[in-house]
Structure formats: structure tokens, C-alpha cells
Amino acid sequence: MIVDGHNDLVARLWRGDAIQHVDLAEAPRVDFAGGFFALYVPSPKPPIPTSEHYALPLPEPIPSEEAARVADELYEVFQSLPVRLATSPDDFQPGRVAAILHLEGAEPLATDLSNLDAWYARGLRSLGLVWSRANAFAEGVPFRFPSSPDIGSGLTAAGRELVRACNDLGVLVDLSHLNEAGFWDVARISSGPLVATHSNAHSLCASSRNLTDAQLDAIGASGGVVGVNFAVSFLREDGGQVAATPLEEIVRHVEYIAGRIGIDHVAFGSDFDGALVPEELGGIPGLPKLVDALRAGGLDDEAVSKVTSDNWLRVLGDSWA
Ligand SMILES: [Zn+2]
């Protein structure tokens, strides 16, 4: 059974674009049991790296009311999916697809958090404080390569309140896209395990979106997890947007993170339908090939089971308690 840390199927369907990776009809054949389904309020022009060295400006902030309106539309798309809403680790079972309602960027929330309970009632169980662009709660990393993730300020007072409120409700706080100052603020404040749903190892690919060794160490020490992102520009040593990237690049990041903080703290965070992934993987239908590559890299049955589902299920249980 495969549980995944991030896909952008909802935004793709909302835009009216063709599905590239998350073909749910293929899920039973490859034991894809679902995972985090992001509600991402798009910026006008999504940044796409154009060369191997790039520094893209962050899109403008989106006003909360506008973001809330779009998020309601995204939520309607989410509800129309043929999936079970996941609010317990037990919702993930072989033979069906369960979806965690994840907000990628907290813009749809009012700064006073007055609509957070309503989102929880809808099923919200995971929240990324930012999708890179700044908002009332935090600042994220711009898309840069090579670059440190240490760009900009930490959480605002409202951001710190939001982390505490998520802890109280049992909503997982996602650190992917957050800048390094914000990361350390969450590490200080949060009572839950530290989680980056779709980020990689900065030591192997020096993108601003990836995690330094110190950040990985903090995630491991907290009992958290890193979902390895399949986006080629966050995998490759040269940061390039190259479709012909071997899927061993994913294995390289899994092994590095497992070697550094333990096999209990690494999982998948595909970024399917939101990024260019290795063409030999393609999407959900290619997942068995990736599992074969993990085995070829030396992972035994127990390790494979941890990476493909057990680690996510443990961290969900700890975060939602
Ligand atoms: Zn993302």
C-alpha cells in the first residue's frame, strides 16, 4: 500500500487542465491508497525554472477574501473526487483511496482564525503555512537554485497563533515551502512531530525548497517525517528541469535522509500533477517501478513498507491525536 505526501490534482482539475499523474482509475492496480490532496490557491503565473541556475521572484500575496473564495471552489472539486475523506490513519486501507484535506498556504484563513473551525469541520487535517508566497502568517522560500532556504523573516504573531491552534485541533502543520526562520519558529512552538510533506535533501540538491541537514536532524528528533518530492528540479544535483531524470534520483534522496535521520523518518511526497517528475515514473502507474528501485537500492521489505506507508500512518496518528 502506498500513501503519498502531496499531490496537486485538485488545482489541476479546478483549472480545467488534463490529469498528468494522479489517474485514480489506476490506483487499485498499483496499491495507491491516497494521501495528502492539496488545496492550492494559484498565483496568476506559476513559476517554472527555465535554466539550471535561477532566482524567480515570489508571486504577489493574495488577499485573504479572494483566496477564501477560490479555496471554496477548490473544496468543491475535492468533494467531487471518488475518494474517502481521511481523518484517521485507519481510513487508509488497501483497495481504496483516502484523501487528506490539505491547505497549501493559509491565505484562505482569516488572520483572527475565525474560520479555522469551519475548515476543520470540512475535514481539514493538514495545513502548510505558506505556499512560498508571503501571507499574514509566514514567509516562504522563493524558487532559487542554488540557494539556501534561509531567506526572509520568521512567523508573524498570527502565524504563531495558527501553529498553536493547529496543535490544539489536531491539524498537521506542514513545513514544505516555509523559509528557514519560519521552520525554526515552528520547531520551537509546535507540540506535534515536524513534517515536510514534499521536500528533499539540500545536501544533494541545493534548491531553496530543500531541507538542510540541521532541518532534517530536527525533523528526525521530533519523530516527524520528510516526504521525498519527485520534482526533478528538487532532486537533481544540477537543479535542472530534465524529464529524462532517472528514478534512482528519488532513491538517492530516500537513502540520504534514511542514512542521516533513520528509515522511520522518510516517505513519499510525490508532487504529482504539480511538477515535472522523472518520465520513466510518469505518475501513479509507475509507482511499482519506484518500489523496485528502492529494493534494488538495498531496502528490505520492512524498510519499503515504512517508506511507502507506515511512516505516514504513524505521523498522522501522532499529529491528529
Ligand atoms: Zn508545493
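Since this is a predicted model, take the numbers as computed values, not measurements. (Residues numbered from 1 in each chain as written. Predicted model: local features only at pLDDT ≥ 70, side-chain atom pairs only at ≥ 80, totals over all residues. Heavy atoms only, no water.)

*Asks:* Could you clarify how one ought to interpret the pairing of strand 6 (residues 124-128) in this entry?
*Replies:* Within a regular strand, the side chains alternate between the two sheet faces. Along strand 6, five of the five residues are buried, which leaves the element largely enclosed by surrounding structure. Here strand 5 (residues 98-104) runs beside strand 6; their pairing, made up of four bridges, is parallel. By the bridge assignment for strand 6, His102 is matched with Ser126. In this fold, the crossover linking strand 5 to strand 6 by way of helix 3 (residues 116-122) has right-handed handedness. (Buried < 20%, exposed > 50% of the residue type's maximum accessible area, 1.4 Å probe, protein only. Helix = DSSP H or I, 4+ residues; strand = E, 2+ residues; numbered from the N terminus. Pairing = 2+ DSSP bridges. Right-handed = clockwise from strand over helix to strand, strands pointing away.)

*Asks:* Teacher, can you tell me more about the layout of surface pockets here?
*Replies:* In this approach, a probe sized like a water molecule rolls over the atoms, and the result shows the empty space that is left. Of the volumes computed, that of the second largest pocket is approximately 190 Å³. In this structure, the second largest pocket is lined by 14 residues; those nearest its centre are Met1, Ile2, Asp31, Val291 and Thr308. Of the residues forming the lining of the second largest pocket, the biggest block, five residues, is contributed by helix 10 (residues 301-320). Of the residues that constitute the lining of the second largest pocket, the class distribution is seven nonpolar, three polar and four charged. (1 Å grid on protein atoms, 1.4 Å probe; cavity = no way out; pocket = protein on both sides within 12 Å on 5 of 7 lines; lining within 4 Å. Points joined across faces, edges and corners; volume = space filled by probe spheres on them. Nonpolar A, V, L, I, M, F, W, Y, C, P; charged D, E, K, R; others polar.)

*Asks:* In this structure, what is going on with helix 2 (residues 64-80)? I would like to understand it.
*Replies:* One turn of an α-helix holds 3.6 residues; hence residues three or four places apart share an orientation. In a regular helix each residue adds 1.5 Å, so 17 residues correspond to 24 Å; helix 2 covers 24 Å between its end C-alpha atoms and thus fits that length. Packing partners of the buried residues in helix 2 comprise helix 1 (9-15), strand 2 (32-39), strand 4 (84-85), strand 5 and helix 3. (Expected span 1.5 Å × (residues − 1). Contact = heavy atoms within 4.5 Å.)

*Asks:* Help me understand empty space enclosed by the protein in this model?
*Replies:* Under the criterion given, the structure shown has one cavity of 30 Å³ or more. Within this model, the largest cavity holds a volume of roughly 60 Å³. A breakdown of the residues in the lining of the largest cavity according to their chemical character gives six nonpolar, six polar and one charged.

*Asks:* Where do I start with the pairing of strand 1 (residues 2-7) in this structure?
*Replies:* With six of its six residues buried, strand 1 lies for the most part within the structure. With four bridges connecting them, strand 1 and strand 2 associate as parallel partners. Across the sheet, residue Asp4 finds its bridge partner in strand 2, namely Gly35. Regarding topology, helix 1 serves as the crossover connection from strand 1 to the parallel strand 2, and that connection is right-handed.

*Asks:* Even after reading the chapter, I still don't get the pattern of salt bridges, so can you show me in this structure?
*Replies:* Oppositely charged side chains can form a pair if their charged atoms are brought close together. A complete count under the given rule lists 15 salt bridges for this structure. For Arg236, the salt bridge is made with Asp238, and the minimal N-O distance between the two is 2.9 Å. On the basis of relative accessibility, which here comes to 17%, the residue Arg236 falls in the buried class. If you follow the salt bridges from partner to partner, you end up with Asp213, Asp217 and Arg260 in one network. (Salt bridge = Lys/Arg side-chain N within 4 Å of Asp/Glu carboxyl O.)

*Asks:* How should I be thinking about the coordination of the zinc ion in this particular structure?
*Replies:* Six octahedral donors around a metal ideally sit at 90 or 180 degrees from one another, while four tetrahedral donors ideally sit at 109.5 degrees. Taken together, the protein ligands of the zinc ion are Glu104 (OE), His177 (NE2) and His198 (NE2), with distances of 2.1 to 2.2 Å. If you list the donors of the zinc ion from N- to C-terminus, the spacing comes out as E-x72-H-x20-H. Remark: His198 occurs in the loop between strand 9 (195-196) and helix 6 (213-221) and Glu104 occurs in strand 5; sequence separation between them is 94 residues. Of the two residues examined, Glu104 and His198, each falls in the buried class. (Donors = N, O, S within 2.8 Å, 3.2 Å for Na, K, Ca; no water.)

*Asks:* How should I be thinking about unusual backbone geometry in this particular structure?
*Replies:* Trans is the prevailing form of peptide bonds, just as negative phi is the prevailing case for residues other than glycine. Residues Phe145 and Pro146 are joined by a peptide bond in cis, for which omega reads -10°. Tracing the backbone through its elements, the reader meets Pro146 in the loop between strand 7 (144-145) and helix 4 (157-169). With a phi angle near 65°, Asp271 is a residue other than glycine that sits in the positive phi range. Within the fold, Asp271 resides in the loop between strand 11 (266-268) and helix 9 (287-296). Judged by its relative accessible area of 7%, Asp271 falls in the buried class.

*Asks:* What exactly am I supposed to notice about the nonpolar core here?
*Replies:* One recurring pattern in soluble globular proteins: nonpolar side chains tend to sit buried together. By size, the foremost hydrophobic cluster in this structure holds 81 residues, and its most contacted members are Leu129 and Leu162. For this core, the leading source of residues is helix 2, giving seven residues. Look past the residues within four positions of Leu129 in its chain and what remains in contact with it is Gly105, Ala106, Asn135, Ala138, Leu155, Leu162, Val163, Val173, Asp174, Leu178 and Val186. Ala86, Leu172, Ala267 and Trp320 belong to the second-largest nonpolar core, a separate cluster that totals 16 residues. (Core = buried A, V, L, I, M, F, W, Y, C linked by side-chain atoms within 4.5 Å.)

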